[in-house]
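Geometric and topological summary
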Amino acid sequence: MPYDDLRGYLEALDEHGQLLRITEPAAPEPDLAAAATAAARMGPRAPALCFESVTGYAAGRVALNVHGSWANHALALDLPPTTGVREQVAEFSRRWDSFPLPAEHRPGPPFLAHTLLGEDIDLYRVLPLFRLNAHDGGFYVDKAAVVTRDPEDPDHFGKQNVGIYRLQCKGRRRLGIQPGSIHDIARHLRAAEERGQDLPVAVALGNDPVISLVAATPMAYEESEYELAGALRGTPAPLARAPLTGLDVPWGCEVLMEGVIESRVREIEGPFGEFTGHYSGGRRMPVIRIDRISHRTDPIFEHLYLGLPWTEIDYLMGPATCVPLLRQLRAEFPEVVAVNAMYTHGLVAIVSTRSRVGGFARAVGLRLTTTPHGLGYCKVVVVVDENVDPFDLPQVMWALSTKFNPSQDVIHLPGMPVLPLDPSSSPTGISGKIVLDATTPVPPDHRGRHTTAVTDAPRTQEWLTRLTSWAQGPRPSTGAAP
C-alpha cells in the first residue's frame, strides 16, 4: 500500500531492516552530518537513519538517508527492496503512463496540531539546524517540498509547482532560496515581481516518499507533480489546503511553513556543498519571509545529505531524471530503448537506441542535449546500440572500446547552456557538450568492421535462469541438463 506520510514509510523501512533507530544522544554538529556521510558509503542496501535524541532539540526526531539506497528507493515505490535499478526505472516509466491521476483533498491534516504566527516564529528553535558540509555558508533545509502557483494563472492546478530547492536559514523568520532559472519557481517569481507583488509560498518538510520523488522530477510547466505522485502511487495523492496561503500541500507533512518570497529582495546566499561534489559560491538570491508555521506533535525533521557522489540525492533523482528524458526522446524517436542519466543528475547520460539510418544515433544524442532537462544538463552523451544495456557499465565500456573511433565519432558542441552549479562551466552556466557515438554503423555508413559479432550460445538464457535459481536457493545434489 502507498504511504500517506513519512511515518508510514519509516515503519515499512523498519519492517524490511532498512532503518536504524539511534537512541543515544547525538550532537547536531558534527554527528548528524557525519552519520549521513557514512550512511552514503554503505552501498546499495544502506539504511535510513532516525535519530531519536538530538542534543538541544527537544521537539522531535531527525531522519536521514531516507531515499539513500536502491533498497529504500524500491520501498518508496512499494516494490520489493531487492528490485534492481533497471527494473525500478522501467516500473517508474510504466506507472507514468497512468499520468495524470487527479489528487484528492482530505480533511484534518495532522500538521494543524500546533501553530506559530508572526513574531512568535523562530526557525532556530523549531528546526534542528546543522551544517551538512564543513564550509557551508550557514544552516540549510534541503529536502522540503516548496509549493508556488503561477500568479498569472493561479487557478491552473498544473501550473502549481512542487520542487526541492535549497533553503538557507538567514534569520528567525527568513530563508534564502536558490530558484535556478531553468526551474518553474523562477518563472513564478519573475511574474510576481513584474507585477510588484510578493509570491506566496508553502514549504512542506517531512513528506511521504513519493512526494519527494516527484518534487525532484523534471516535468513540463503545465504538468502537476501531485498528479504524477498519484500515478506512481497507484492511488490519488492526499492533499490539504495550506491555512495561510491556500496552496495545495502534502496532507501528511510533518512541518508546514508559509509566507512569501519577497518581491525584488536579494541577499547573499551560500556557499553550499553541492551534489556535484564541490562547493558553490555565494550569490545574491531571493528571500522567503515565514509568517506561519504548523507542525505535528513530536515532528520528524527530514534532511538530505549531499556532497561527493554517491549520496542520497543521487538515489532520489536517478530514476526521476532517467524517465523524463526517456519519454521526451521517445516522443520524437520511438527507436530509443533506454536512458541512463543517473550520473550527477544527467550531466553524463547514456542512451541505447535502434538505428533507423546511418547517423541516426548522433541525431538522438544531439536531441538529448536540447530536451527540456538536457538543455541544462546532459553535458556528455554516450549513445550505444539497442542490445547494450546502458545500466550495465561493463557493456557500455565494451561499446566504447570497440564501436567508438575518436577521430570520427565525436560531436563537439561549444558554448552550450548548462546549469550554473556545474563547476567546470566557464563562464558560469556555459559549457561545451559532446556526443560520443558508440553504435554499430548502419548503411549508408560503413565505418569499421562490425559485421560479425559474437552471440550467446544456444540455451544460454535457459541456463542463466537455472543457475540463478540454484544460487538463490538450496543447492541440488544433482543437476541434469534442462
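In this text the structure is predicted, and so the values were computed from the model without any measurement. (Residues numbered from 1 in each chain as written. Predicted model: local features only at pLDDT ≥ 70, side-chain atom pairs only at ≥ 80, totals over all residues. Heavy atoms only, no water.)

Scanning the protein chain from terminus to terminus reveals 12 helices and 23 strands. Relative to the 2.2 N^0.38 estimate, which gives 23 Å for 482 residues, the radius of gyration of the protein chain is 24 Å and therefore close to what a compact globule would have. Dimensions of the protein chain, computed from the C-alpha atoms along their principal axes, are close to 75 × 60 × 40 Å. Among the 482 residues that make up the protein chain, the fraction classed as buried is 55%. Sequence separation of at least 24 residues holds for 71% of the intrachain contacts in the protein chain that already meet a minimum separation of 6. Approximately 20100 Å² of the protein chain is accessible, and the part contributed by carbon and sulfur atoms is 54%. (Helix = DSSP H or I, 4+ residues; strand = E, 2+ residues; numbered from the N terminus. Rg over C-alpha atoms; globule rule 2.2 N^0.38 Å. Buried < 20%, exposed > 50% of the residue type's maximum accessible area, 1.4 Å probe, protein only. Contact = heavy atoms within 4.5 Å. Areas by Shrake-Rupley, 256 points an atom, 1.4 Å probe, with all protein chains shown as cover.)

According to UniProt, the positions carrying the feature "domain: 3-octaprenyl-4-hydroxybenzoate carboxy-lyase-like C-terminal" (unreviewed entry) are residues 315-438. Between the end C-alpha atoms of residues 315-438 the distance is 27 Å, and the span holds 29% helix and 30% strand. (UniProt positions renumbered as here; feature names shortened; annotations may be inferred.)

With that out of the way, let us pick up the environment of leucine 347. On the secondary structure map, leucine 347 appears in the loop between strand 19 (336-343) and strand 20 (348-353). A C-alpha to C-alpha distance of 8.3 Å links leucine 347 and valine 381, two positions 34 residues apart in sequence. Excluding its chain neighbours within four sequence positions, the residues that come into contact with leucine 347 are Tyr377, Cys378, Lys379, Val380, Val418 and Leu419.

To continue, consider the side chain of glutamate 91. Along the polypeptide, glutamate 91 turns up in helix 4 (residues 85-96). Looking at glutamate 91, its side chain comes within polar contact range of the side chain of arginine 94, at 2.6 Å. (Polar contact = N/O pair within 3.5 Å; in protein donor to acceptor, adjacent residues only side chain to side chain.)

Strand order in the open sheet made by the four strands is 1-2-3-18, with mixed pairing throughout. Two strands bound the open sheet, and with one partner strand each, they are strand 1 (19-22) and strand 18 (300-303). Across the sheet, the mean angle separating the axes of adjacent strands is 20° when strand polarity is ignored. Both strand 1 and strand 2 (residues 48-51) contribute to a ladder of four bridges, which runs parallel. Of the residues in strand 2, the one forming a bridge with leucine 20 is leucine 49. Across the sheet, helix 2 (residues 28-39) is in contact with strand 2 and strand 3 (61-64); its angle to strand 2 comes to roughly 160°. (Pairing = 2+ DSSP bridges. Axes fitted to C-alpha atoms, helices over the stretch in contact; angles between N-to-C directions.)

Partitioning the protein chain into structural domains gives domain 1 (6-302) and domain 2 (333-438). Each of domain 1 and domain 2 has a C-alpha centre, and these two points are 30 Å apart. Counting residues at the interface gives 14 residues for domain 1, matched by 12 residues for domain 2. Taken over both partners, the interface formed by domain 1 and domain 2 buries close to 1100 Å², and the fraction arising from carbon and sulfur atoms is 79%. Applying the counting rule to domain 1 against domain 2 returns one salt bridge. Where arginine 86 meets aspartate 389, a salt bridge forms, and the shortest distance between an N and an O atom there is 2.5 Å. There are one residue pair in polar contact (both at pLDDT 80 or more) connecting domain 1 and domain 2. When residues of the side of domain 1 that touches domain 2 are assigned to their parent elements, the largest contribution, three residues, is made by helix 4. Residues of the side of domain 1 that touches domain 2, tallied by class, amount to six nonpolar, four polar and four charged. (Domains from an automatic or database assignment. Buried area = accessible area lost by both parts, 1.4 Å probe. Salt bridge = Lys/Arg side-chain N within 4 Å of Asp/Glu carboxyl O. Nonpolar A, V, L, I, M, F, W, Y, C, P; charged D, E, K, R; others polar.)

This part is about the sheet that holds strand 21 (residues 380-385). Here five strands make up an open sheet; going across it, the order is 19-20-21-23-22 and the pairing mixed. For this open sheet the edge positions go to strand 19 and strand 22 (410-417), each flanked by a neighbour on one side alone. Ignoring which end each strand starts from, the neighbouring axes of this sheet average 15° apart. Where strand 19 meets strand 20, five bridges bridge the pair, whose relative direction is antiparallel. Within the sheet, the bridge partner assigned to valine 339 lies in strand 20 and is valine 351. Against the sheet, helix 9 (residues 312-330) touches strand 19 and strand 20, its axis set at about 145° to strand 19.

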